[in-house]
Amino acid sequence: MRPALAALLLATPAAAQTTDPRLPEEALITVTAPAGRGRVTTPVVGLTDEALLDRQPRSVADALRGLPGVSVRTNSRGETVARVRGSDERQTLVFLDGAPLAVPWDGRVDIGLIPAGLLGGLSVRKGAGAIEYGANAVAGVVDLTTRQEGGVAVAQAGPHALKNLSAAGVVPLGGLSLTLAAAHQAQAALPVARLGALPFNQPASDRRLNTDLAATSLFAGLGGTAGALEWRASVLNIDARRGIAPESDRNPGSARFWRYADWNLTQAQIALELPIGAATARAVGWWQWFGQEIESYRDASYAALGGREIDEDDTVGGRFTLSYKLGPATLRWSLSGHLSDHHQTDVAIPPGTRPAALLYRQSLASGGVEADMPLGNTRLTLGLGLDRSANPRTGHKPAQPARQAATFSAALALKPADRVSLTISGGRRNRFPSARELFGEALGRFLPNPALLPEQAWLADAELGWRAGRFTLTLNPFWQRVEGSIGQRIVRTNGVNLRQRFNQAPATSIGIDAAMQVPLADGLTLELTGTALDASSAGQPLLQRPAQEAMLALDWAPKSGLGEAFDLRAELRRIGPARDLAADGALARLAPATEINLRARVPVLRLGKAQVSATAAIDNLNNAVILPQLGLPQPGRSIRIGLIVGG
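Residues numbered from 1 in each chain as written. Predicted model: local features only at pLDDT ≥ 70, side-chain atom pairs only at ≥ 80, totals over all residues. Heavy atoms only, no water.

Colleague: So, the overall build of the protein chain: which residues are in play, and what are the values?
Modeller: Helix and strand counts for the protein chain come out as three helices and 37 strands. Relative to the compact-globule value of 26 Å for 647 residues, the protein chain shows a C-alpha radius of gyration of 24 Å, a close match. Once the C-alpha set of the protein chain is aligned to its principal axes, its extents read approximately 65 × 55 × 50 Å. Per-residue burial over the protein chain gives 57% buried out of 647 residues. When contacts within the protein chain are restricted to residue pairs at least 6 apart in sequence, those whose partners lie at least 24 apart make up 64%. Total accessible area on the protein chain stands at roughly 24,400 Å², and carbon and sulfur atoms take up 62% of it. Mean positive and mean negative side-chain charge positions of the protein chain (66 and 57 charges, respectively) differ by 2 Å. (Helix = DSSP H or I, 4+ residues; strand = E, 2+ residues; numbered from the N terminus. Rg over C-alpha atoms; globule rule 2.2 N^0.38 Å. Buried < 20%, exposed > 50% of the residue type's maximum accessible area, 1.4 Å probe, protein only. Contact = heavy atoms within 4.5 Å. Areas by Shrake-Rupley, 256 points an atom, 1.4 Å probe, with all protein chains shown as cover. Lys, Arg positive; Asp, Glu negative; His and termini not counted. Charge placed at Lys NZ, Arg CZ, Asp CG, Glu CD.)

Right under this line is the structure:
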């Protein structure tokens, strides 16, 4: 493990340059918003490839837990999503090698199904992010990069038929570079922390009802050069089937009993970079095919089907950027967008006949410019752009007008003292409602609201960083106000309570992210990260936003004559109280909780140049009941043992 900063990447914007060793590998044609010597970026945190080995995550969701300002939860659809500093999950976009992974119909992607074994590194950029990310990247961006060199293989197993298998490597082929990766996640069920916390829809068993999973992922990427042109083409396929835990806080008459009979995401993309005189042009194009089949059952026996939803999505998108010097400044022009078709078929059982599919189409476009300007010992980046959304096909729902809104930002980097950096940033970003928010009914769960308006988020950040040798401290107070924030309410229709999305009163979030690393001895590091958050709208707390999240970790990785002897890691995570919406529309309290996680990686032998290490991972050692949402607690104690080869 690299000293101090390898376990947790704490990059202050004032120092975020291409040569900064704290940043993950930044091959220029795969990074969405590459750092530049004069560029000032908003706060960023992340993990290197070695830190990913230490934490032993199965998925991207596991890897994100514990990063300051990032909250991870599993929703009632079984999807695992990330929220940055109290924002909605649809305000946090996920990119892989420069292309967005979210399915446009829903505006999000299940990060619990993206295998961590695919990654070479990840970063989370918070606040009014770079112009390259386009519309809907309101409060944060999760930037994933695939492996750029070397190789690693992981094999782990645990109770309840748990399996975590992955292998990824980069193979040089003359002047080309081939990246291959494969992963398989499986489990028969998730463990139950405490049976008493599941008053409804759960048998007397330590296995959570209907939480099986089988997911296989394949990735291939090929890159090279042709003269001055750099290029890389890749394709990712994730194929999964899974159960969705039923809500345990409500009686069977109001709970949902769902399964994903099929879930498949395929994304192909190509990235290009070409110097044109003193300018640099970059382009990324992507094609995404997504399909899923959701089965709805009548009760917790999962024997009698009540309905089926069949979704098919086709998306094509691209982004073009051009950067060049203009006097002392650097200009960066960006144009991005996508066009997505969603075909949906809802089958009621009985009678079970399949009606014609409904077609929904959405287009999204963004364009703008950023300028990096040196100002003596300070640096300034300014941005201005325009976002536009249209829904030309709306199934059998009312037609929608096209909408557009301006976006702008500013970021200033200062150096107030030696070893101290200060960055101040802010701006406005826009998010347009996804087609599902506008028109989706979720098999009778939601009442559509085609009148939803876009959200407009005003954001402000200040980040203070202090470094003294291997000691680091980062403090990041933030403020954001979302006008037209989309919330949920209960509407009683024909004697049934339905949820409906609506534009609520402006939502305000204020808080502070903090991160500290303290070297206690050679190879022994103390890490402390956390967020304090107050998020509300019209005096009412925003749902499912913990007041605090913090992690205290000890990482011990002594060195021997042959390198790292072993790595032992202990984490204590504290999740503060929050509020949620009960079935009757009343506010309910989500109790705070504390969990303990342990990790061990011990070298046992070498196979040629590859190190073979035995691993052990225990999640939620103390079997804490952690409630990110009413009726859907996180899993209880989980144990994995296995081997890691390479890395």
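Colleague: Describe the pairing of strand β21 (residues 420-431), with residues and values.
Modeller: Most of β21 sits inside the fold, with ten of its twelve residues counted as buried. Where strand β20 (residues 403-417) lies against β21, eight bridges are found, and the strand directions are antiparallel. Bridge assignment links Leu414 to a residue of β21, and that residue is Leu422. The turn joining β20 and β21, which pair antiparallel and follow one another in sequence, is formed by two residues; a positive phi near 70 degrees is taken by Arg419. Judged from the twelve bridges that link them, β21 and strand β22 (residues 455-468) form a sheet pairing that is antiparallel. (Pairing = 2+ DSSP bridges.)

Colleague: Kindly report on the pairing of strand β24 (residues 486-493), identifying the contributing residues and their values.
Modeller: Two elements, β24 and strand β25 (residues 496-503), share eight bridges in a ladder whose sense is antiparallel. Bridge pairing in β25 places Arg492 opposite Asn497. Hairpin connection, β24 to β25: the antiparallel pair is bridged by two residues, and Asn494 has positive phi, about 55 degrees.

Colleague: An account of the pattern of salt bridges is needed here, citing residue identities and associated values.
Modeller: With the rule as written, the count across this model stands at 42 salt bridges. Measuring nitrogen to oxygen at the nearest pair gives 3.7 Å for the salt bridge that ties Arg77 to Glu79. With relative accessibility at 5%, the residue Arg77 sits in the buried group. With a relative accessible area of 9%, Glu79 lands in the buried category. Overlapping salt bridges, with partners in common, bring together Arg73, Arg77, Glu79, Arg83, Glu89, Arg90, Asp106, Arg108, Arg431, Arg436, Glu437 and Glu455 in one network. (Salt bridge = Lys/Arg side-chain N within 4 Å of Asp/Glu carboxyl O.)

Colleague: Before we move on, can you summarise empty space enclosed by the protein with the specific residues and values?
Modeller: This structure, assessed with the given rule, holds 18 cavities of 30 Å³ or more. Of the voids in this model, the largest cavity is the one considered here, and its volume is about 400 Å³. Contributions of two or more residues to the lining of the largest cavity are made by β5 (92-96), β15 (279-297), β16 (305-326), β17 (329-348) and β18 (358-375). A breakdown of the residues in the lining of the largest cavity according to their chemical character gives 13 nonpolar, 13 polar and four charged. Space inside the second largest cavity adds up to approximately 230 Å³. Contributions of two or more residues to the lining of the second largest cavity are made by α1 (49-55), β9 (151-158), β10 (162-173) and β11 (176-187). Here the lining of the second largest cavity is built from residues that sort into eleven nonpolar, six polar and three charged. (1 Å grid on protein atoms, 1.4 Å probe; cavity = no way out; pocket = protein on both sides within 12 Å on 5 of 7 lines; lining within 4 Å. Points joined across faces, edges and corners; volume = space filled by probe spheres on them. Nonpolar A, V, L, I, M, F, W, Y, C, P; charged D, E, K, R; others polar.)

Coordinates in, geometry out; function isn't part of it.
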